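Residue-level listing of the chains:
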Amino acid sequence: MLFDSHIHTEFSTDSKMWISEAIEKAEELNIGLILTEHMDINYPEKDSFIFSPEEYFKEYEKYKSNKLLLGIELGMQPNCVLEGKKIIEKYPFDYVLGSIHLVDGIDIYLENYYKGRSKKETFEMYFKFMLDCLNAYTFIDSLAHIDYISRYARYDDSELIYEDFYEYIDEILKTAVQKNIALEINTRRFESNKSIRNVQKIYKRFYELGGRIVTLGSDSHQKGQIGYKLDIAKDMADSCGLKAVYYKNRKPEYI
Ligand SMILES: [Zn+2]
Ligand SMILES: [Zn+2]
């Protein structure tokens, strides 16, 4: 059974999806789900993008099953590694997805980050930051959306081209291999075939550098997005020689 390992329900600041809607859609598609609510400690706007794990487990424990697992999307920044680690150790998450949403304290969703800076500059800052975080957050299970910056970058062509940033990307991939961290195939940008081809190069390279496991996720914030192009992500994994997994009780399970 395929698993969508990246879903946000109402515990995430930017989602209003109810868990019942997510479950209904997953049953319709006959897929499993891992909820990954946003926990961006030290987000610039106070009390945004954090949630209470206490309440999360209290409220969702009853929904837990072999097809519905409880994870977290942990925003990585060098200034909150220990705080993040403590939360992960304290609560029984099935899965820890590590993400870069902020670079040097700025949300890269915002235009501010790109203003007055070239693509080369902002993308290099992003990858350097990601590498530093990956070296510090060795306890995550999977590295989320490596192409996240291409969603929001404000350039004529914001596509992530492996060849343009290969020195940085290779270091990140090698670090993930060394630390036994999976790489996520995030389908959010799969609406364009060009984007699919561009990210595929990164997953091929991951395999060449010794990577073997990937997780698949839609990053849904609404019911309709759940399971989006998961089959294409699975085909991509297969074609790169990578095994698609999901995590249960912090251990990879093969799909
Ligand atoms: Zn994310
Ligand atoms: Zn997400």
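For the structure, see preceding data.
Residues numbered from 1 in each chain as written. Chains lettered and ligands numbered in written order. Predicted model: local features only at pLDDT ≥ 70, side-chain atom pairs only at ≥ 80, totals over all residues. Heavy atoms only, no water.

## Looking at the coordination of the zinc ion (ligand 1)
Coordination of the zinc ion (ligand 1) by the protein is provided by Glu-73 (OE), His-101 (NE2) and His-145 (NE2), with metal-donor distances spanning 2.0 to 2.2 Å. For the zinc ion (ligand 1), all donor residues lie on one chain, and their spacing in sequence is E-x27-H-x43-H. Here the zinc ion (ligand 1) and the zinc ion (ligand 2) are spaced 3.3 Å apart, with Glu-73 acting as a shared donor. Of this pair, Glu-73 sits in strand β3 (residues 68-75) while His-101 sits in the loop between β4 (95-99) and β5 (102-103), and the two are 28 residues apart along the sequence. Relative accessible area serves as the criterion here: at 6%, His-101 is assigned to the buried category. (Donors = N, O, S within 2.8 Å, 3.2 Å for Na, K, Ca; no water. Helix = DSSP H or I, 4+ residues; strand = E, 2+ residues; numbered from the N terminus. Buried < 20%, exposed > 50% of the residue type's maximum accessible area, 1.4 Å probe, protein only.)

## With respect to the pairing of β3
By the criterion of burial, β3 is predominantly enclosed, with 8 of the 8 residues buried. Residues Leu-68, Leu-70, Ile-72 and Leu-74 line one face of β3 and the alternating positions Leu-69, Gly-71, Glu-73 and Gly-75 line the opposite face, and both faces are buried. The pairing of strand β2 (residues 32-39) with β3 spans 7 bridges and is parallel. Each bridged residue has a counterpart across the sheet, and for Met-39 the counterpart in β3 is Leu-74. (Pairing = 2+ DSSP bridges.)

## Some thoughts on the packing of helix α4 (residues 119-136) against helix α6 (residues 166-178)
Orientation of α4 relative to α6, taken along the N-to-C sense of each, is 15 degrees, at an axis distance of 9 Å. Overall, the two elements α4 and α6 adopt an arrangement that is roughly parallel. For the crossing formed where α4 meets α6, the hand is left-handed. Across from Glu-124, Phe-127, Lys-128, Met-130, Leu-131, Leu-134 and Asn-135 in α4, the residues of α6 making contact are Tyr-168, Ile-169, Glu-171, Ile-172, Thr-175 and Ala-176. Residues belonging to the contact of α4 with α6 are distributed by class as follows: 8 nonpolar, 2 polar and 3 charged. (Axes fitted to C-alpha atoms, helices over the stretch in contact; angles between N-to-C directions. Parallel < 35°, antiparallel > 145°, perpendicular 65-115°, else oblique. Left-handed = near helix turned anticlockwise from the far one by under 90°. Contact = heavy atoms within 4.5 Å. Nonpolar A, V, L, I, M, F, W, Y, C, P; charged D, E, K, R; others polar.)

## Here's the deal with the coordination of the zinc ion (ligand 2)
Looking at the metal site, the zinc ion (ligand 2) is ligated by His-6 (NE2), His-8 (NE2), Glu-73 (OE) and Asp-219 (OD), spaced 2.0 to 2.2 Å from it. In this structure, the zinc ion (ligand 2) is coordinated by 4 donor atoms arranged in irregular fashion, with angles at the metal of 81 to 170 degrees. Sequence positions of the residues that donate to the zinc ion (ligand 2) give the spacing H-x1-H-x64-E-x145-D. With relative accessibility at 0%, the residue His-6 sits in the buried group. (Tetrahedral: all angles 85-135°; square planar, octahedral: opposite > 155°, others 65-115°.)

## What to know about the packing of α6 against helix α7 (residues 193-208)
Look at α6 against α7: their axes get within 10 Å of each other, and the N-to-C directions meet at 50 degrees. Here α6 lies oblique to α7, going by the angle between them. Considering how the two elements wind past one another, α6 and α7 form a crossing that is right-handed. In contact with Ile-169, Asp-170, Leu-173, Ala-176 and Val-177 of α6, α7 contributes Ile-202, Arg-205 and Phe-206. When the residues that make up the contact of α6 with α7 are grouped by side-chain class, the tally is 6 nonpolar, no polar and 2 charged.

## Side note on the pattern of salt bridges
Tallied over the full model, the rule gives 16 salt bridges. For Glu-208, the salt bridge goes to Arg-205, with nearest N and O atoms at 2.8 Å. Pair noted here: Glu-208 and Arg-205 are both in helix α7, with a separation of 3 residues, about one helical turn. (Salt bridge = Lys/Arg side-chain N within 4 Å of Asp/Glu carboxyl O.)

## Focus: the side chain of Thr-215
Here Thr-215 is to be found in strand β9 (residues 213-217). A residue is classified by how much of its surface remains accessible, and Thr-215, at 0% relative accessible area, is buried. There is a polar contact of 3.1 Å between the side chain of Thr-215 and the side chain of Tyr-95. For Thr-215, the contacting residues outside a window of four places in its chain are Tyr-95, Ser-142, Ala-182, Leu-183, Glu-184, Ile-185, Val-245 and Tyr-247. (Polar contact = N/O pair within 3.5 Å; in protein donor to acceptor, adjacent residues only side chain to side chain.)

Nothing here speaks to function; it is geometry throughout.
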